[in-house]
2 protein chains.
Amino acid sequence: MGSTIEADRSAGALSAAIYHASGGELVMKNDKVSSNRMRFVSAEQVAQRAGVSRSAVSRTFTPGASVSPATREKVLQAAEELGYHVNDLARGVLNNQSRLIGIVATKPEVGFRAHLTAALAKMLIQRGSVPVLINTGETEEELLAAQKILIGHRAEATIIVSGSPPASFFELAKRNGQPVVMIGRAEPDADHVQAGNSEASEQAAAALIHAGRRRFAFAGSNSRTPAILERETAFVAAIEARGFSVRVVRGRDSDYDSGLVAARQLMAERQPLPDAVFCANDLIAFGLMDVFRLEAGLRVPQDVAVIGFDDVPQSGWLNYRLTTFRQDPDAMARRAVDLLERRVANPEGAPDVERIIPRIVLRDSFRPAE
Amino acid sequence: MGSTIEADRSAGALSAAIYHASGGELVMKNDKVSSNRMRFVSAEQVAQRAGVSRSAVSRTFTPGASVSPATREKVLQAAEELGYHVNDLARGVLNNQSRLIGIVATKPEVGFRAHLTAALAKMLIQRGSVPVLINTGETEEELLAAQKILIGHRAEATIIVSGSPPASFFELAKRNGQPVVMIGRAEPDADHVQAGNSEASEQAAAALIHAGRRRFAFAGSNSRTPAILERETAFVAAIEARGFSVRVVRGRDSDYDSGLVAARQLMAERQPLPDAVFCANDLIAFGLMDVFRLEAGLRVPQDVAVIGFDDVPQSGWLNYRLTTFRQDPDAMARRAVDLLERRVANPEGAPDVERIIPRIVLRDSFRPAE
DNA sequence: TCAGGCATTGCACGGTTGTGCATGGGAAGT
DNA sequence: ACTTCCCATGCACAACCGTGCAATGCCTGA
């Protein structure tokens, strides 16, 4: 068994066998290779089987290279029989491009981020890239560790879906000529895709006021990510600019529990409950609606209008029917990849921004007045 | 500008410059390299700056290698100044292990799968591997294309979260010595992690009967994935073994809409509605509950008891409070990685199975009798 | 002071692929 | 039939990194 493989190997890589043939070491080494590691088919083996040189194999799998149909056919058949696939790693080492692209995200399983990372992965694969999902924490050390993994593997670019990287992150990427695209966070030094948070907040405020609502609240979170923050400040500003006031309540993260906390905060204060709440995202809205309906006995939208943000699939569920601002994950992924391609084509240009204005989706939790 | 970079390059890689210096071609090539490709720092450049040989640099970054503290310090400083990181691609080419591990999933953003893929990614990173997320369709061609990407990049292993790969998939992996671990699907030829679907179904049936329920239904889907199928057949068998009958309704996929469809199917038939429904997963249960409550005016659990499967976070939401079987994504990821490590250590062994028995989580949608 | 041993370092090679260059052969034109 | 040209193919080297082997230098002990 071992000897068969050994013979096979040394036939495949003659020079290696001759070089190492000193005192039985060869057998040891090859045995280890065949048992412990993987044994991928190499271009050399295909060449031998097809009776051509290794260059011919390489050219067969290089688009636009000059190979005769006859040898091409021989090579393809030998490759098929052996199950050969070009080693993209070695190809990457050669011309310094790995096709790897990093997606850095915190909690990529939750809410809109799940859809965004999935859309990114799908789009990158279609483009011929290889998406690497780095699921990491928010802290600077963790982000830097993620970056080191990606640089170590010579990733072509990094897409940051969440988290706020330290300056050293960008410095490191820049020095290695590695483009960085951020989604949802405005970083002056990096390309980024941004949702039109302030436009949406403005629209929500105008519609609620126009529908005759008067007691306003904003349900946000203390995680203070830029997108959440922008929605809050823009909504408060828009309401106050029209002469009304807004109560702002915040949970810890930006999830369902945050919505519970926010609603209960509003109920705890000795004031009439709001008749219109704009939530920083859909998950918060669901938590808030559940508390308002089940614990305060309110009706939505008769007693209180609720507007969310993101349009995750649950917004369409019968129980919620949430009016919200649609963020299209495919569109955002598309823009991110566009930015990335433009940056690769022109590494020296100034940072670029893609801004996507979310469109409101009307459901039962609030319908604007005619 | 271009000339500066060119000088820089040729200083860094003298031999290359000399070799290629024939008729101005050098400038062209280097210009292209510096503008179009990335320019990572190589060990050679660090060696030059530190005034040592390239081997010394390599040894500095190889744990357990023999380097004097003095040169080590020089190398580390030069590496720091240049922003050097070991090229894991080239390292992988050398000893035939890339640290890349593929996660193949269909719709990785939805339901329990989102949690599972996220847990896998986190665990693989902690282990020092690099998770590649292949978001692909269910068809055989798409799965095969995913596999080709992974083999091309010499991924060490593939973890299949969803989808039913063709036989050629396993053949290809086997021939390349690439371990395949499947989650949730029993494949006779591959290692897999499996949830104890039949045990859970049995437990659900027994508890519902013991609580005095008599009109049973199972809400599944026509996607016919093995896990869904196993839950259905085991539940039906368990109920019928005790002398009762079960109505089985199915939607298209295994999501919320499927629950809507299932519930409306039950309502359309001219029979009394069931007083106990076991759902193939939580999402189906949510859809079913929404229809039963909002369209049929039923109360849960008084009129109908509902049990789900997976325990996604929404099961704890106030509006649902769903009794369900908990699948721990971290535990499943842990087992998958365990399988993988055992397979790498012993490539020739027989296929192995890790079976995880889900634990029931009691909430308001059904409480068993004392 | 000399010799021996040990630690360290440089050299060259292994493992992949792509590609410039030279060459050989076949086809076509005269 | 000879010459010319072009296409294809093999050779060698580029790009990375780790590591065995040999040599060198330093330190210590006698």
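What counts and what doesn't
Along each chain, residue indices are assigned from 1 in the same order as the chain's sequence is written. As they are written, the chains are lettered A onward and the ligands numbered 1 onward, keeping that order. Per-residue local features of the predicted model are confined to residues with pLDDT of at least 70, and side-chain atom pairs are confined, for both listing and counting, to 80 or more; whole-chain, interface and lining totals are unaffected and use all residues. Values shown for side chains rest on all heavy atoms present in the structure; no hydrogens or waters enter the calculation. Where helices and strands are cited, they refer to DSSP runs of H or I of at least four residues and of E of at least two residues respectively, numbered from the N terminus. Burial classes follow relative accessibility: with a 1.4 Å probe on protein chains only, a residue under 20% of its type's maximum area counts as buried, one over 50% as exposed, and anything between as partly exposed. The contact criterion used is simple: two residues touch if any of their non-hydrogen atoms lie within 4.5 Å. Note: buried area is the sum, over both parts, of the accessible area (probe 1.4 Å) each one loses when the two are combined. Basic side-chain nitrogens of Lys or Arg form a salt bridge, by our definition, when they fall within 4 Å of a carboxyl oxygen of Asp or Glu. When residues are sorted by character, Ala, Val, Leu, Ile, Met, Phe, Trp, Tyr, Cys and Pro go into the nonpolar class, Asp, Glu, Lys and Arg into the charged class, and all the rest, Gly among them, into the polar class. What is meant by a nonpolar core is a set of buried Ala, Val, Leu, Ile, Met, Phe, Trp, Tyr and Cys residues, joined one to another through side-chain atoms within 4.5 Å. DSSP calls a pair of strands paired once it identifies at least 2 bridges connecting them. Only the contacting stretch of a helix is used when fitting its axis, a line to C-alpha atoms as for every element, and angles between N-to-C directions run 0 to 180 degrees. For the least-squares superposition of copies, only C-alpha atoms count, and only for residues with pLDDT at least 70 in both. For each residue, the test is whether any non-hydrogen atom lies within 4 Å of the molecule or strand; if one does, the residue is near. Any N or O atom pair separated by 3.5 Å or less is treated as a polar contact, with the protein-specific requirement of one donor-capable and one acceptor-capable atom, and with residues adjacent in sequence counted only for side-chain atom pairs. Just so you know how the angles are binned, under 35 degrees is roughly parallel, over 145 roughly antiparallel, 65 to 115 roughly perpendicular, and the rest oblique. In this scheme the crossing of two helices becomes right-handed for a clockwise turn of the near helix relative to the far one and left-handed for an anticlockwise turn of less than a right angle. When the strands point away from the viewer and the connection leading from the first strand across the helix to the second strand turns clockwise, the crossover is called right-handed. Geometry of aromatic contacts follows a simple scheme: Phe, Tyr and Trp rings, the Trp one being its six-membered ring, pair when their centres are within 6.5 Å, and the pair is stacked under 30 degrees between planes, edge-to-face over 60, tilted otherwise. When charges are counted, Lys and Arg are positive and Asp and Glu negative, with His and the chain ends excluded.

Colleague: Help me out: how do you make sense of the overall build of chain A in this one?
Modeller: Summing up its helical and strand segments, chain A has 15 helices and twelve strands in all. Counting across all 370 residues of chain A, residues that qualify as buried make up 51%. Sequence separation of 24 or more characterises 69% of the internal contacts of chain A that already satisfy a separation of 6 or more.

Colleague: Help me understand the interface of chain B and chain A in this model?
Modeller: Interface size is commonly expressed as the accessible surface area that is lost when the partners come together. Listed per partner, the contact involves 68 residues of chain B and 68 residues of chain A. Together chain B and chain A conceal approximately 6,300 Å² of surface at their shared face, both sides included; 62% is due to carbon and sulfur atoms. At the boundary of chain B with chain A, the tally comes to zero salt bridges. Here the side of chain B that touches chain A is built from residues that sort into 34 nonpolar, 19 polar and 15 charged.

Colleague: Is there a simple way to explain the nonpolar core in this structure?
Modeller: The nonpolar side chains of a soluble globular protein tend to be buried with one another. If you look at the biggest cluster of nonpolar residues, it comprises 146 residues, and the most contacted ones within it are Leu288 of chain A together with Leu288 of chain B. With residues up to four places along the chain from it excluded, the contact list for leucine 288 of chain A reads Ala219, Gly259, Leu260, Ala262, Ala263, Leu266, Val277, Cys279 and Val306 of chain A. Ile134, Ala146 and Phe169 of chain A together with Leu143 of chain B belong to the second largest nonpolar core, which has 34 residues in total.

Colleague: What exactly am I supposed to notice about the sheet that holds strand 10 (residues 323-326) of chain A here?
Modeller: The strands that make up a sheet are held in pairs by hydrogen bonds between backbone atoms, and each pair lies either parallel or antiparallel. All names here are of chain A. Across the sheet, which stays open at both edges, the six strands sit in the order 7-6-8-9-10-12 with mixed pairing between neighbours. Pairing within the sheet leaves two strands with one partner each, and these edge strands are strand 7 (246-251) and strand 12 (359-361). The average undirected angle you get between the axes of adjacent strands in this sheet is 20°. By the bridge criterion, six bridges tie strand 6 (residues 216-221) to strand 7 in an arrangement that is parallel. Looking across to strand 7, one finds that glycine 220 is bridged to arginine 250. Packing against the sheet, helix 11 (residues 197-210) makes contact with strand 6, strand 8 (276-279), strand 9 (305-310), strand 10 and strand 12, and its axis sits at approximately 165° to strand 9.

Colleague: Looking at this structure, how should I read the relation of the copies chain B and chain A?
Modeller: Copy one and copy two of the chain differ by a rotation about a common axis and a shift along it. Overlaying chain B on chain A yields an RMSD of 0.2 Å, the required transformation being a rotation through 180° with an accompanying axial translation of 0.0 Å. Here the transformation between the copies is reduced to the relation of a two-fold axis. Relative to the rotation axis, the closest C-alpha in chain B is found at valine 132 of chain B, a distance of 2.2 Å. Most of the interface of chain B is mirrored in chain A: 100% of its interface residues are interface residues there too.

Colleague: Would you explain the pattern of salt bridges in this entry?
Modeller: Side chains carrying opposite charge are able to pair once their charged atoms draw close together. Residue and element names in this part refer to chain A. According to the stated counting rule, one finds 44 salt bridges over all chains in the structure shown. One salt bridge in this structure joins arginine 343 and aspartate 191, with 2.8 Å as the shortest N-O distance. With a gap of 152 residues between them, arginine 343 in helix 15 (residues 329-345) and aspartate 191 in strand 5 (residues 191-195) connect regions that are remote in the sequence. Accessibility classification places arginine 343 together with aspartate 191 in one group, the buried group.

Colleague: For this particular structure, what's the right way to read the protein's contact with DNA strand D?
Modeller: The environment of DNA strand D is made up of 27 residues, and the closest members are Ser53 and Ser66 of chain A together with Ser58, Arg91 and Leu94 of chain B. Expressed as a percentage, the sugar and phosphate content of the atoms of DNA strand D within 4 Å of the protein is 61%. The contact in question runs from a phosphate oxygen of DNA strand D to an N or O atom on the side chain of serine 66 of chain A, over 2.6 Å. A distance of 2.5 Å separates a phosphate oxygen of DNA strand D from a polar atom in the side chain of serine 58 of chain B. Elements that contribute at least two residues to the surface near DNA strand D include exactly helix 5 (54-60) and helix 7 (88-95) of chain A together with helix 2 (14-20), helix 5 (54-60) and helix 7 (88-95) of chain B.

Colleague: How should the environment of leucine 208 of chain B be read in this particular structure?
Modeller: Residue and element names in this part refer to chain B. The topology assignment puts leucine 208 in helix 11 (residues 197-210). Separated by 16 residues in sequence, leucine 208 and arginine 224 have C-alpha atoms that sit 25 Å apart. Look past the residues within four positions of leucine 208 in its chain and what remains in contact with it is Arg213, Phe216, Phe235, Ala276, Ala305, Ile307 and Phe366.

Colleague: Even after reading the chapter, I still don't get the packing of helix 13 (residues 256-268) of chain A against helix 14 (residues 282-294) of chain A, so can you show me in this structure?
Modeller: For any two helices packed against each other, the geometry is given by the interaxial angle and the distance between the axes. Residue and element names in this part refer to chain A. Running from N to C, helix 13 and helix 14 point in directions that differ by 45°, and their axes come no closer than 6 Å. Judged on the interaxial angle alone, helix 14 and helix 13 are oblique. The hand of the helix 13/helix 14 crossing is right-handed. Taking contact as the criterion, the partners of Tyr256, Ser258, Gly259, Leu260, Ala262, Ala263, Arg264, Leu266 and Met267 in helix 13 are, on helix 14, Leu283, Ile284, Phe286, Gly287, Leu288, Asp290, Val291 and Phe292. In the contact of helix 13 with helix 14, the residues fall into twelve nonpolar, three polar and two charged.

Colleague: Honestly, the pairing of strand 6 (residues 216-221) of chain B in this entry has me stumped. Any pointers?
Modeller: Every other side chain in a regular strand lies on the same face of the sheet, so the side chains alternate between the two faces. All names here are of chain B. Extensive coverage of strand 6 is indicated by the burial of six of its six residues. The two faces of strand 6 match: Phe216, Phe218 and Gly220 on one face and Ala217, Ala219 and Ser221 on the other face are all buried. In this region the chain leaves strand 6, passes through helix 12 (residues 226-241) and returns to the parallel neighbour strand 7 (residues 246-251); the handedness of that crossover is right-handed. Where strand 6 lies against strand 8 (residues 276-279), four bridges are found, and the strand directions are parallel. Paired with alanine 217 across the bridge in strand 8 is valine 277.

Colleague: When you look at the packing of aromatic side chains in this model, what are you seeing that I'm missing?
Modeller: Think of a pair of aromatic rings as described by two things: how far the centres are apart, and how the planes are tilted against each other in angle. Residues and elements named next belong to chain A. Summed over all chains, the structure comprises 24 aromatic pairs over all chains. Aromatic side chains phenylalanine 286 and tyrosine 320 sit 4.6 Å apart centroid to centroid with 45° between the ring planes, which places their arrangement in the tilted category. With phenylalanine 286 in helix 14 and tyrosine 320 in the loop between strand 9 and strand 10, this residue pair connects regions lying 34 residues apart in the sequence. Residue classification places phenylalanine 286 among the buried positions, given a relative accessible area of 0%.

Colleague: Could you clarify how one ought to interpret the side chain of aspartate 310 of chain A in this entry?
Modeller: All names here are of chain A. Mapped onto the fold, aspartate 310 is located in strand 9. For the buried aspartate 310, which has no salt bridge, the nearest side chain bearing the opposite charge is arginine 231, at an N-O separation of 4.3 Å. Here glutamine 327 takes part through its side chain, which lies 2.8 Å from a polar atom of the side chain of aspartate 310. With residues near it in sequence (within four places) discarded, aspartate 310 still touches Phe112, Arg231, Asn281, Asp282, Thr324, Phe325, Arg326 and Gln327.

Colleague: Help me out: how do you make sense of unusual backbone geometry in this one?
Modeller: Most peptide bonds take the trans form, and the phi angle of most residues other than glycine is negative. Cis geometry marks the peptide bond from valine 300 of chain A to proline 301 of chain A, where omega comes out at 10°. If you trace the backbone, proline 301 of chain A turns up in the loop between helix 14 and strand 9. We note that asparagine 96 of chain A has phi near 65°; this positive angle belongs to a residue other than glycine. Note that asparagine 96 of chain A resides in the loop between helix 7 and strand 1 (100-105). What makes asparagine 96 of chain A partly exposed here is its relative accessible area of 23%. One non-glycine residue, arginine 321 of chain B, lies in the positive phi region at around 45°. Along the chain, the position of arginine 321 of chain B falls in the loop between strand 9 (305-310) and strand 10 (323-326).

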